[in-house]
Amino acid sequence: MKECIAMLLAGGQGSRLYALTQRLAKPAVPFGGKYRIIDFPLSNCVNSGIDTVGILTQYQPLVLNEYIGNGQPWDLDRLYGGVHVLPPYQKATGSDWYKGTANAIYQNINFIDRYEPNYVVILSGDHIYKMDYGKMLDFHKEKGADCTIAVMEVPWEEASRFGIMTADENGTITKFEEKPKEPKSNLASMGIYIFTWEKLRKFLTEDEADPNSENDFGKNIIPNMLNAGEKMVAYAFEGYWKDVGTIDSLWDANMDLLNPNVALDVWDDSWKIYSRTSGLPGHKIGSKAVIDNSMITEGCRVDGTVIQSVLFDNTRVAEGATVEASILMPGSVVEPGACVRYSIIAENVVVKRGAMVGVRPEDMDDITKWGVAVVGEGITVGAGAKIGPKAMVVKDVKEGEEQW
């Protein structure tokens, strides 16, 4: 028997990351030089004393499955418990894709029941943050709650992007709206829930029997529990948290690693973020290289200029090349004379000689023309090619070609 287990939702398509997730599940997208997004909730689990994690996969799961393996890098290779990848599977009554977040958990009720938990933590696989779920669980038990939702205040202009709730002075949730057009509060759900399993099991079963349900936590389970008068409380979180489901937010979060005024510390030994990284040699910095406020990971070779950028393992920046305010994912190469600015370069991309990615717009005053350029996995940007701001490159770019 386990007091608490975690279920990590990692099956989303990640369509807003476009070229980065065409062949890759969103939680497997590289982050911060040596990590993948899923490293953060997995590390939070093991650091919080949760040693049983079910990872629900669906869209493009191969890289993610291979990366997770037996869970050893996160100390989750256990005989009883540990990490388990849970894709949709064939049953006697047929098979079905996960229809929504609630349905994904419903389809794995038997997995949860194996461990007879008192509590279940529901997590998303596309958030960057460090959080002690043990403290949240203590709060849940102290309040005698059926459901505890981690919340944080967000700017009012962004509130309509989130599940928004109203809570009284004791933290009891009195109202919940999923992505309201006119929010009455700026207290936003972080997509991190702790449920008393007996209650959640009941509401999942009822929700599955409702033919009109969208089988979603935010749209169905939470409103249904609230309407039924179940005890639901808000757990205030004040640390760093970012949903990296868009190109801009993924870029922002990587840049936050380089910002001394932002509390995203992946070097804190008291709360390590674990990852499955290969045993690469140390990075090599050439005698003519210029590097300023950047993160350079193992196996990189830098002979050019790198400014305020994040370079993942085994990337190459040749002499005469410039990389500024950008993210180079594993195996990418920037050849001599090439320039990459305000861009996300996916794995194994080659930016050929003299090419420019993230070209500045002619009208510097028109902010609508600015944006992060993205080059998808395995793409070659031909010599002398020009890729404009906000471009989304999903196929090879010919020599001298321009994309805006």
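Nothing here was measured: the structure is a model prediction, and the numbers come from that model.

Calculation notes
Residues numbered from 1 in each chain as written. Predicted model: local features only at pLDDT ≥ 70, side-chain atom pairs only at ≥ 80, totals over all residues. Heavy atoms only, no water. Helix = DSSP H or I, 4+ residues; strand = E, 2+ residues; numbered from the N terminus. Rg over C-alpha atoms; globule rule 2.2 N^0.38 Å. Buried < 20%, exposed > 50% of the residue type's maximum accessible area, 1.4 Å probe, protein only. Areas by Shrake-Rupley, 256 points an atom, 1.4 Å probe, with all protein chains shown as cover. Contact = heavy atoms within 4.5 Å. Polar contact = N/O pair within 3.5 Å; in protein donor to acceptor, adjacent residues only side chain to side chain. Pairing = 2+ DSSP bridges. Phe/Tyr/Trp six-rings, centres within 6.5 Å; stacked < 30°, edge-to-face > 60°.

S.K.: So what about the overall build of the protein chain? Which residues, and what values?
M.R.: When helices and strands are counted, the protein chain shows eight helices and 32 strands. A compact globule built from 404 residues would reach a C-alpha radius of gyration of about 22 Å, and the protein chain, at 22 Å, matches this within 12%. Taking the principal axes of its C-alpha atoms as reference, the protein chain extends roughly 65 × 50 × 45 Å. Of all 404 residues assigned to the protein chain, the portion counted as buried reaches 56%. When the accessible surface of the protein chain is summed, it comes to about 17900 Å², and 46% of that surface belongs to carbon and sulfur atoms.

S.K.: So, the environment of Y98: which residues are in play, and what are the values?
M.R.: Mapped onto the fold, Y98 is located in the loop between β5 (82–85) and α3 (101–106). Y98 sits in the buried class, given a relative accessible area of 11%. Along the backbone, Y98 and M190 are 92 residues apart, and their C-alpha atoms lie at a distance of 21 Å. Look past the residues within four positions of Y98 in its chain and what remains in contact with it is L56, T57, Q58, L86, P87, P88, N103, A104, Q107 and N108. Among the polar contacts listed, one links the side chain of Y98 to the backbone oxygen of P87, at a separation of 3.4 Å.

S.K.: How would you sum up the pairing of strand β11 (residues 187–196)? Please name residues and give values.
M.R.: Most of β11 is tucked away: 10 of the 10 residues are buried. Here strand β6 (residues 119–124) pairs with β11 via four bridges, running antiparallel. Among the inter-strand pairings, I122 is bridged to a residue of β11, identified as Y193. When strand β8 (residues 147–153) meets β11, the two strands line up antiparallel, connected through six bridges. In the sheet register, V151 faces β11, and the bridge partner there is S189. Here two bridges tie strand β9 (residues 163–167) to β11, and the two strands are oriented antiparallel to one another. Across the sheet, M165 pairs through a bridge with L187, a residue of β11.

S.K.: Explain the sheet that holds strand β19 (residues 310–311) residue by residue, including any values.
M.R.: Spatially, β16-β19-β22-β25-β28-β31 is the arrangement adopted by the six strands of the open sheet, whose pairing is parallel. Of all strands in the sheet, those with a lone pairing partner are β16 (295–296) and β31 (392–393), marking the two edges. When strand β22 (residues 327–328) meets strand β25 (residues 343–345), the two strands line up parallel, connected through two bridges. Looking at the pairing, L328 lines up with I345 of β25.

S.K.: Tell me about the packing of aromatic side chains, and name the residues and values.
M.R.: Evaluation of the coordinates by the stated rule reveals 13 aromatic pairs. A ring pair is formed by Y35 and F40, whose centres lie 5.8 Å apart and whose planes are at 65°; its orientation type is edge-to-face. Residue class for F40 comes out buried when judged on its relative accessible area of 0%. Taking the centre distance of 6.1 Å and the plane angle of 85° together, the rings of Y342 and W370 count as edge-to-face. Taken as a pair, Y342 in the loop between β24 (339–341) and β25 and W370 in the loop between β27 (356–357) and β28 (373–375) lie far apart in primary sequence, 28 residues in all. The class of W370 is partly exposed, set by a relative accessible area of 26%. Within the aromatic cluster, the residues linked to one another by ring pairs are F31, Y35 and F40.

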